[in-house]
Amino acid sequence: MPTVSVKRDLLFQALGKSYTDEEFDELCFEFGLELDEITSEKEIISKEKGGEKAEGASEIILYKIDVPANRYDLLCLEGLVRGLQVFKERIRAPRYKKITPPNGEIQKLTITEETTQVRPYAVAAVLRNITLDKDRYDSLIDLQEKLHQNICRKRSLVAIGTHDLDTISGPFTYTAKPPSEIKFKPLNQDKEYNASEIMDLYRTDSHLRHYLHIIENEPLYPVIYDSNGVVLSMPPIINGDHTKISLNTRNVFIECTATDLTKAKIVLDILVTMFSEYCQKPFTVEAAEVTYPNGKSYNFPELAYRREKIKPEILNKKIGISETPSNLAKLLTRMCLKSHVIANGNNIEVEIPPTRADIIHACDIIEDAAIAYGYNNIQMTIPKTYTIANQLPLNKLTELLRQDLAAAGFTEVLTFSLCSQEDIANKLGVDISTTKAVHIANPKTAEFQVARTTLLPGLLKTIAANRKMPLPLKLFEISDIVVKDSTIDVGTRNHRHLCAVYYNKNPGFEIIHGLLDRVMQLLDIPPSKEKGYYIKATEDPAFFPGRCAEIFAKGQIIGKLGVLHPDVVTQFELTMPCSALEITIEPFV
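Just so we're clear, the structure is a prediction, and the values are computed from it rather than from any experiment.

(A) Structural view of the nonpolar core. Ranked by internal contacts, the top residues of the largest apolar core, which has 92 residues, are L11, F24, I65, L127, L147, I254 and L315. Top contributing element to this core by residue count: helix α7 (residues 261–275), with 9 residues. Those residues in contact with I65 that sit more than four places away from it in its chain are P2, T3, V4, V6, F24, C28, L33, E34, L35, D36 and L80. Grouped together as the second largest cluster of nonpolar side chains are 26 residues, L498, L515, I551 and I558 included.

(B) Molecular detail of the UniProt feature "domain: B5" (unreviewed entry) in the protein. Here, the residues flagged by UniProt with the feature "domain: B5" (unreviewed entry) are residues 303–380. Taken end to end, residues 303–380 is 38% helix and 19% strand, and its two terminal C-alpha atoms sit 40 Å from one another.

(C) Representation of the side chain of N251 within the structure. Secondary-structure assignment places N251 in the loop between β13 (238–239) and β14 (252–258). Looking at N251, its side chain comes within polar contact range of the main-chain nitrogen of N129, at 2.9 Å. Once you skip the residues sitting within four places of it in the chain, N251 turns out to touch L127, R128, N129, I130, H163, D164, L165 and D166.

(D) Here's a closer look at the packing of aromatic side chains. Taken as a whole and judged by the stated rule, the model has 14 aromatic pairs. Taken together, a centroid distance of 6.0 Å and an interplanar angle of 65 degrees make the contact between F12 and F24 edge-to-face. In this pair, F12 sits in helix α1 (residues 8–15) while F24 sits in helix α2 (residues 21–30), placing the two residues 12 residues apart along the sequence. Each member of the pair, F12 as well as F24, carries the same accessibility label: buried. For the ring pair Y298 and F300, a centre distance of 6.4 Å and an interplane angle of 35 degrees mean the geometry is tilted. Through a chain of ring-to-ring contacts, three or more aromatic side chains come together here, namely F12, Y19, F24 and Y63. The positively charged end of R95 is found above the aromatic ring belonging to Y305, 3.8 Å away from the centroid. In this structure, R334 packs its charged tip against the face of F87, placed 4.4 Å from the ring centre.

(E) Broad picture of the environment of Y225. Structurally, the position occupied by Y225 is in strand β11 (residues 221–225). Taking the relative accessible area as the measure of exposure, Y225 reaches 12% and is therefore buried. It is 75 Å that separates the C-alpha atoms of Y225 and G532, two residues lying 307 residues apart in sequence.

(F) Quick peek at the sheet that holds strand β24 (residues 492–503). Here 7 strands make up an open sheet; going across it, the order is β20-β23-β24-β28-β27-β26-β25 and the pairing mixed. The open sheet has two edge strands, β20 (411–412) and β25 (533–537), and neither has a second partner. The pairing of β20 with strand β23 (residues 473–484) spans 2 bridges and is classified as parallel. Paired with T411 across the strands is L475, a residue of β23. Of the strands in this sheet, β20, β23 and β24 are in contact with helix α11 (residues 393–407), which crosses β23 at around 160 degrees. Docked against the sheet, helix α13 (residues 456–465) engages β23, β24, β27 (556–564) and β28 (578–584), running at close to 35 degrees with respect to β24.

(G) Examining the sheet that holds strand β19 (residues 347–352) more closely. The strand order across the open sheet built from 3 strands is β17-β19-β18, with neighbouring strands paired in antiparallel fashion. At either margin of the open sheet sits one strand with a lone partner, and together these are β17 (306–310) and β18 (339–342). Adjacent strand axes in the sheet meet at a mean angle of 30 degrees when their direction is disregarded. Bridge count for β18 against β19 is 4 bridges, and the pairing is antiparallel. Across the sheet, residue S339 finds its bridge partner in β19, namely V350. With respect to the sheet, helix α9 (residues 325–334) is in contact with β18 and β19, its orientation differing from that of β18 by roughly 160 degrees.

(H) Quick peek at the pairing of strand β3 (residues 61–66). Of the pairings in the sheet, the one linking strand β1 (residues 3–7) to β3 comprises 5 bridges and is antiparallel in character. Of the residues in β3, the one forming a bridge with V6 is Y63. Here strand β2 (residues 34–40) runs beside β3; their pairing, made up of 6 bridges, is antiparallel. Across the sheet, S40 pairs through a bridge with I61, a residue of β3.

Cut-offs and rules
- Residues numbered from 1 in each chain as written.
- Predicted model: local features only at pLDDT ≥ 70, side-chain atom pairs only at ≥ 80, totals over all residues.
- Heavy atoms only, no water.
- Core = buried A, V, L, I, M, F, W, Y, C linked by side-chain atoms within 4.5 Å.
- Buried < 20%, exposed > 50% of the residue type's maximum accessible area, 1.4 Å probe, protein only.
- Helix = DSSP H or I, 4+ residues; strand = E, 2+ residues; numbered from the N terminus.
- Contact = heavy atoms within 4.5 Å.
- UniProt positions renumbered as here; feature names shortened; annotations may be inferred.
- Polar contact = N/O pair within 3.5 Å; in protein donor to acceptor, adjacent residues only side chain to side chain.
- Phe/Tyr/Trp six-rings, centres within 6.5 Å; stacked < 30°, edge-to-face > 60°.
- Lys NZ or Arg CZ within 6 Å of the ring centre and 35° of its normal.
- Pairing = 2+ DSSP bridges.
- Axes fitted to C-alpha atoms, helices over the stretch in contact; angles between N-to-C directions.

Next comes the structure, spelled out in structure tokens:
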């Protein structure tokens, strides 16, 4: 869920009412949100970088509010306040209007054929006679970033550009050119660069480097020019410095380039509806005309209202309440879904505003009615079903084995499902390409690059962190590992593994072997080659030569046990010998 940070005093001023922290927490819950944290900029910096770095930072109280991922209209202070005010019935939901300029000279954006292979779509609009201050400006920039990270999928689907319209002149052209032919001064830079140099410039930038891969391997880069050849932006990377907006900006030109036209329309609608509040004519947006390579022209933003019908009895049945149609219509109106009863009470007509792109199906309308009614106000009833819940057999077996392994003197640990590539490959003496590991596309840290393919590294790292504890250390874990599997629709498969290690001054192979015998005894598997289990010598780079065996049961190899190779022990910063056992328990379910 996205988290929106808002200044408490500014929020209360906009709401026209002050709340205690507990009261506002309750209000958020009623509205389907969660007040996640009450903090300040100084406190955040102090936690992340230490008290010294926090000196001089703002002590203004911030509310961090968790917002549902599909509620794009609540990702900024403006939308949050508007939603809460309508919910508390202090104001009516505003009506958003698309207008044309009084002089009839609509801003035009022409898309050329060259963009087809890079980012083929674009939409645009104008916020005319807008008044910005520092807080409004910050909120606008923050909303753009929230949308980029959310619906825009880190700019891969949509990239937003906002420009001071008074510094440029239309009509505008959206085209694509070779990097060497694009030259402009990027935002907040002091000199011009060509597109290739810009890519190199931002390769080490902590923020923008994450977006370079979207176009860097393309022969042509997308770019937007005005009628005088001034570069507005090179989407999805950076805007031009010439058009940057400031607190003095009165007219804002907004363009969204995209690989998904539907998402672009939604993003533009959200941006203009949130900030048209500050225009001279509130909640009005000046349309822009966009002409596509096929010659067809469209006016954006769409700001489309649509109507849906839902039967009151369905609403009541699905939520588990008994309200009149008129009361249900009032509940929906409080959620910015203007509703009224039609057909003599047999239907409710619901108007979906352009801010509510999350309303796709009747169930979305029902959910909003339930939120407005109050989840805590819904009478609890016993479901009219005859099914009996039961634990999954694999989980039941896991729980039983956990108890018996603990009774055998081993201590259970719970380690991370993600680990580094080194943990499952280099440190165990194998190549990463042979592990079928699932890689994280954008790991935030080197410690969490892949999903684990074995439980062993987690246990060894746990021992390394507890070397000062009395010997012997006997640990076990029963959890899932993840491997690639092209036969599954998601491309991966989970396997439930049992892993145990014994760490002492001597290897203790007999301890681990005894634990295997005990596990098989519990599973009612006799030591037999025909209908039971047996071990067979094998070689594995993670184990000492001649001290490793494969475990066979149910006609298949279920795992390995042995004494770990000294190099593996050293790689995990251990100083004493160690024996290990790892098997899959799924064949025994």
